[in-house]
Amino acid sequence: MVPQGSSVRVDLAGRSYDILIGRGRINEAGEHLRRLCPGGRAAIVTDTHVAELHLRTLDAALAEAGIQSTSIVLPAGEPTKSFAALETVCDGVIAARLERGDAVIALGGGVIGDLAGFAASIIRRGMRFVQIPTSLLAQVDSSVGGKTAINTRQGKNLVGAFHQPVLVIADTALLDTLPEREFRAGYAEVVKYGLLGDSGFFNWLEGGAWRRIFEGGPEREEAVRISCAAKAAIVARDETEQGDRALLNLGHTFGHALEAAVGYDGARLVHGEAIAIGMRLAFDFSREQGLCTGQDAIRVRRHLEAVGLPTRLSDIPGGAGTAASLLDAIRQDKKVARGALTFILVRGIGESFIAKDVDPDLILRFLDCQLGHDI
Ligand code: GLY
């Protein structure tokens, strides 16, 4: 098969890797794995939904390259990011007698990628790991950069490790089967790259490319490429989030508080929707602080609304609680350093910065106002 599509290199010295992007690229999985793990075998970690849609294709691609594989199929959904599921993956990989040089392949969205990556980081003190993300969110964000984790009863992503994959295959045709709500939520993370550092990319999306991204035109592949390139550049300069990598959290401090407010009930609010509201809040808070123009804040809100993403607290079915409870959730977030609130704020579209020491009273008043005057 003639390879189609583009690739992005994540430059991390001895741990550098490629992200292969394009329609049909899952079919190349076997040949790349044979090159990266000569003589190796693989364990595919996936969920029941994805297995039904794509496992056969991946199995065939591996078999064609002579790679033996075993599959570990888990229930779909956030509860799978658990200690129990981690044990299932570890048991499955060890029972299949895979060695350190063999590969764990994550075939799925963010939940499967985070879980399988964490398992790969600890089984035999670290196995090779390949990401084949099947959601837009995973293709542009969670599969790239090596963050892996499970949730605990205290919160999300609290136990995990940085463990870089040896390869990411972002097959954009796999997104054709995504439910529209999930695709749209993943699109919020695409917009994020424009808002945090690339106004030209935002202009392109806003100018109409977004429609063709949703329809599956070549713009979809281009948007995944630009997003991955933006993330790769940030990860290359700050792999373990000592500085700039925090910019990727634009909209996330507010967004995580909203997810906590609905008890992580995906029927009411999925992650990307929370991030859309969070990014709108970050722009409006920045505008209120005199950091960014009202015109930019309005453009962000209008674009998110044009694609059908929520932007207001009142868009959340059942509401978002009180300003005090949201502030409390913000304080629980990992982005709090010794009590001081850290937010990603903006000086305009494409001009984000890390604001440490944001006054909690300002946030409380801002949220109270948002809840009271939401229109
Ligand atoms: N999703 C944010 C990061 O990878 O740092």
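Cut-off values and rules
Residues numbered from 1 in each chain as written. Predicted model: local features only at pLDDT ≥ 70, side-chain atom pairs only at ≥ 80, totals over all residues. Heavy atoms only, no water. Pairing = 2+ DSSP bridges. Helix = DSSP H or I, 4+ residues; strand = E, 2+ residues; numbered from the N terminus. Axes fitted to C-alpha atoms, helices over the stretch in contact; angles between N-to-C directions. Buried < 20%, exposed > 50% of the residue type's maximum accessible area, 1.4 Å probe, protein only. Core = buried A, V, L, I, M, F, W, Y, C linked by side-chain atoms within 4.5 Å. Contact = heavy atoms within 4.5 Å. Phe/Tyr/Trp six-rings, centres within 6.5 Å; stacked < 30°, edge-to-face > 60°. Lys NZ or Arg CZ within 6 Å of the ring centre and 35° of its normal.

A. A look at the sheet that holds strand E5 (residues 103–108). An order of E1-E2-E9-E6-E5-E3-E4 is seen for the 7 strands of this open sheet, with the pairing classed as mixed. Pairing within the sheet leaves two strands with one partner each, and these edge strands are strand E1 (6–10) and strand E4 (69–74). Shown here is a sheet whose adjacent strand axes are inclined to one another by a mean of 15°, direction ignored. As paired strands, strand E6 (residues 128–133) and strand E9 (residues 167–171) are joined by 2 bridges and run parallel to one another. When the bridges of E9 are listed, Val130 appears paired with Leu167.

B. Quick look at the pairing of E6. Within E6, 5 of the 6 residues are buried, which leaves it mostly tucked inside the rest of the structure. Pairing geometry for E5 and E6, over 6 bridges, is parallel. Its bridge partner being in E6, Val104 is matched across the sheet by Phe129.

C. Molecular detail of the nonpolar core. Judged by nonpolar contacts, the single largest core of 51 residues is most densely connected at Tyr187 and Leu195. Sorting elements by how many residues they give to this core places helix H6 (residues 180–197) first, with 8 residues. With residues up to four places along the chain from it excluded, the contact list for Leu195 reads Phe202, Leu250, Met279, Phe283, Val300, Gly348, Ile349, Gly350, Glu351 and Ser352. Ranked by size, the runner-up nonpolar core spans 26 residues in total, among them Leu281, Ile316, Ala355 and Val358.

D. Representation of the packing of aromatic side chains in the model. Throughout the structure, instances matching the rule amount to 8 aromatic pairs. By way of ring pairs, the aromatic residues Phe183, Tyr187, Trp210 and Phe214 are connected into one cluster. A cation sits over an aromatic face here: Lys192 above Tyr193, 5.2 Å from the ring centre.

E. Seen up close, helix H9 (residues 252–261). Counting buried positions along H9 yields 7 of 10 residues, so the element is predominantly enclosed. Looking one or two places after H9, you find Gly263, whose phi comes out positive at around 65°.

F. Quick peek at unusual backbone geometry. Phi is positive for Glu241, close to 55°, though the residue is something other than glycine. Inspection of the secondary structure puts Glu241 in the loop between helix H8 (218–237) and H9. A relative accessible area of 26% means that Glu241 is categorised as partly exposed. Even without glycine at this site, Tyr264 takes up a positive phi of about 55°. With respect to the helices and strands, the residue Tyr264 is situated in the loop between H9 and helix H10 (271–288).

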